[in-house]
Amino acid sequence: MINLAETAYLVAMYRALESERIDALFKDPLARMLAGGKGEMLVEVIGEKDKITNAIAIRTYVIDHLILQLVNSQNIDTVINLAAGLDTRPYRLPLDASLRWIEVDLPEIIAYKEQILKDQQPLCSLERVQLDITTASTAVMRYSSSN
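An account of the accompanying structure is given in this report. (Residues numbered from 1 in each chain as written. Predicted model: local features only at pLDDT ≥ 70, side-chain atom pairs only at ≥ 80, totals over all residues. Heavy atoms only, no water.)

## Things to note about the overall build of the protein chain
Looking only at helices and strands, one finds five helices and four strands in the protein chain. N-terminal to C-terminal, the α/β element order of the protein chain is α-α-α-β-α-β-α-β-β. Looking at the protein chain as a whole, 46% of its 147 residues are labelled buried. The contacts in the protein chain between residues at least 6 apart in sequence include a share of 62% that link residues at least 24 apart. (Helix = DSSP H or I, 4+ residues; strand = E, 2+ residues; numbered from the N terminus. Buried < 20%, exposed > 50% of the residue type's maximum accessible area, 1.4 Å probe, protein only. Contact = heavy atoms within 4.5 Å.)

Set out below in structure tokens:
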């Protein structure tokens, strides 16, 4: 069984596979780097690579467009991405620099993501919060800013 943290690597790898297609619905140039060997291994273990890649690609494409539509048509100045995983929207979507994007996820996912993306520049204001949202007793939140 795959744990919550491993799901992030898996989804990143499916985004990488979609991005490498000639007719890709979107391009995520950071996905393979984030997925790493762990993501590749998990995709092989799960199997049904094309079927799941297609499902993740459609989901990603639809959510990308919904976010852009809402951010561009409403007076939205902050997006909070709960269980953000290895999502790269602040780096790849055409977002206004004034938009505040807050990613919340498990401490190990946030630490890994910050390490891998340390030389990358987000297109908007990006903050990260290390928090296990699956436990109601979480008392401490640690913030990290990538502005």
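## Some details on the side chain of Thr53
Relative to the assigned elements, Thr53 resides in helix H3 (residues 49-73). The exposure class of Thr53 is buried, given its relative accessible area of 2%. Not counting the four nearest positions on each side in its chain, Thr53 is found in contact with Tyr14, Leu17, Glu18 and Arg21.

## Quick notes on the layout of surface pockets
Taken as a whole, the largest pocket encloses approximately 450 Å³ of empty space. Lining of the largest pocket is provided by 25 residues; of these, Leu82, Ala83, Ala84, Gly85 and Asp105 occupy positions nearest its centre. Mapped by element, the contributors of at least two residues to the lining of the largest pocket are helix H1 (4-19), H3, strand S1 (78-82) and strand S2 (100-105). At six residues, H1 tops the list of elements feeding residues into the lining of the largest pocket. Of the residues in the lining of the largest pocket, the class split is 14 nonpolar, five polar and six charged. (1 Å grid on protein atoms, 1.4 Å probe; cavity = no way out; pocket = protein on both sides within 12 Å on 5 of 7 lines; lining within 4 Å. Points joined across faces, edges and corners; volume = space filled by probe spheres on them. Nonpolar A, V, L, I, M, F, W, Y, C, P; charged D, E, K, R; others polar.)

## Thoughts on the environment of Ile56
One can find Ile56 in helix H3. Here the alpha-carbon distance between Ile56 and Ala12, two residues 44 residues apart in the chain, equals 9.4 Å. Apart from the residues within four sequence positions on either side, Ile56 is in contact with Val11, Tyr14 and Arg15.

## Section: the side chain of Asp28
Note on placement: Asp28 falls in the loop between H1 and helix H2 (31-46). Discounting residues that sit within four places of it in the chain, Asp28 has contacts with Arg15, Ser19, Thr88 and Arg92.

## A few points about the pairing of S2
The element S2 is extensively covered by neighbouring structure, given that five of its six residues are classed as buried. Taken together, the five bridges between S1 and S2 define a ladder with parallel strand orientation. Bridge pairing links Val79 to Trp101 in S2. One ladder, built from six bridges, connects S2 with strand S3 (residues 125-130); its direction is parallel. (Pairing = 2+ DSSP bridges.)

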